[in-house]
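Overview (structure and organization)
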Amino acid sequence: MLKEFNFKKKYGQNFLIDKNIVNKIVNSFEILPDSLVIEIGCGDGRLTSELCKKFDFVLGYEIDFDIKDKLINNLSFFDNFEIIFDDFLNRNLVCDLDSFTYSNIYVVANLPYYVTTAIIEKLISSGIDFIFMNFMVQNEVADRFTAKVGTKEYNSLTVFLNYKYDVKKLFMVNRKCFYPVPNVDSAVVCFKKKNIDYGVLNEELFFKLIRDSFRFKRKTLKNNLSMYDLKVISDVLKKYNLDLSVRAEQLNIDIFCDISNALNKEKKYEK
């Protein structure tokens, strides 16, 4: 019984108990042949077992060793899974996947709110070509992931995500669908790999430029990017009828790409 389990606040444990939501998550994407799915935060295996039914193989991560017996027992009908009991953020994901053979790779996760951004950034920076990623996150976080240019939710992570993925909020999840009940509602968001090449010449510079542009939310590009060649940036902005008084949340990904490439060509930036 879940009520007897010692839930640990430090891990942000809120187990999804609504079977309908579990089914909606599993049915929210097309599963290609010869596919492996990574699940981060297996809990007691309610979602894991459904993933085992759908995928050729499931590689799960669970930080809480105390739930091992319950999780493995709930998966006893399956032989197409492996669970690593460790903090996902401490793992070398490329090494963990080295022994597996697959044609397509997915990610499904009910993410603890306090490590949501860190986990997603780790996945994206891993260099692994994920076909599709599906995350349960705090609703406010989902709004930032899917924010439009010019809105207060639009930030550096929004740009990072949209550089490689089409991000979409699929549906809301009421807080009562979890045990223990959290203080906020959640949402399921999906990241589908983009087939767009933005032609960025220097990705390291591009990502740094975005971080610096949003460094202080209410400051202009002139202030946030003072360490760059402002003339080069100004010349690019003029093409879009903008100037250095603009704030980062007013720039779409194409403008950031253009600025980054212009700086790279002139070699006028700090490493």
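Above this text is the structure in question.
Residues numbered from 1 in each chain as written. Predicted model: local features only at pLDDT ≥ 70, side-chain atom pairs only at ≥ 80, totals over all residues. Heavy atoms only, no water.

Turning our attention to helix α11 (residues 253-266). The terminal C-alpha atoms of α11 lie 20 Å apart, and with 14 residues this matches the ideal 20 Å at 1.5 Å per residue to within 8%. Burial within α11 is extensive, with 10 of its 14 residues counted as buried. Listed as buried for α11 are Ile253, Ile255, Phe256, Cys257, Asp258, Ile259, Ser260, Asn261, Leu263 and Asn264. Buried-residue contacts for α11 involve α7 (156-164), α8 (203-213) and α10 (230-238). Two to three positions downstream of the cap, the backbone nitrogen of aspartate 254 sits 3.1 Å from a side-chain oxygen, assigning the N-cap of α11 to asparagine 252. (Helix = DSSP H or I, 4+ residues; strand = E, 2+ residues; numbered from the N terminus. Expected span 1.5 Å × (residues − 1). Buried < 20%, exposed > 50% of the residue type's maximum accessible area, 1.4 Å probe, protein only. Contact = heavy atoms within 4.5 Å. Polar contact = N/O pair within 3.5 Å; in protein donor to acceptor, adjacent residues only side chain to side chain.)

Successive residues of a regular strand alternate their side chains across the two faces of the sheet. Along strand β6 (residues 132-138), seven of the seven residues are buried, which leaves the element largely enclosed by surrounding structure. As judged from the five bridges shared by strand β5 (residues 104-110) and β6, these two strands associate in the parallel manner. The partner of tyrosine 106 across the bridge, within β6, is phenylalanine 132. After leaving β5, the chain enters helix α5 (residues 116-125) and then returns to the sheet as β6, a path that is right-handed. (Pairing = 2+ DSSP bridges. Right-handed = clockwise from strand over helix to strand, strands pointing away.)

So, on to helix α1 (residues 19-26). Here α1 has its buried residues at Ile21, Val22, Ile25 and Val26. The arc that holds every buried residue of α1, seen down its axis, measures 135°, which confines them to one face. Taken together, the buried residues of α1 touch β1 (15-16), α2 (46-54), β5, β6, β7 (165-173) and β9 (186-193). The distance from a side-chain oxygen at the start of α1 to the backbone nitrogen of asparagine 20 is 2.8 Å, and the residue carrying that oxygen is aspartate 18. (Arc of directions from axis to C-beta.)

Turning our eyes to something else, we now look at the sheet that holds strand β2 (residues 35-40). Read from one edge of the open sheet, seven strands run β4-β3-β2-β5-β6-β9-β7, paired in mixed fashion. Each edge of the open sheet carries a strand with a single partner, namely β4 (81-85) and β7. Across the sheet, the mean angle separating the axes of adjacent strands is 15° when strand polarity is ignored. Where strand β3 (residues 57-62) meets β4, five bridges bridge the pair, whose relative direction is parallel. Residue leucine 59 lies in a different strand from β4, and its bridge partner there is glutamate 82. Sheet contacts for α1: β5, β6, β7 and β9; angle to β7, the most-contacted strand, approximately 165°. Contacts from α2 reach β2, β3, β4 and β5, with the element oriented near 175° to β2. (Axes fitted to C-alpha atoms, helices over the stretch in contact; angles between N-to-C directions.)

Just geometry here; none of it tells us what the structure is for.
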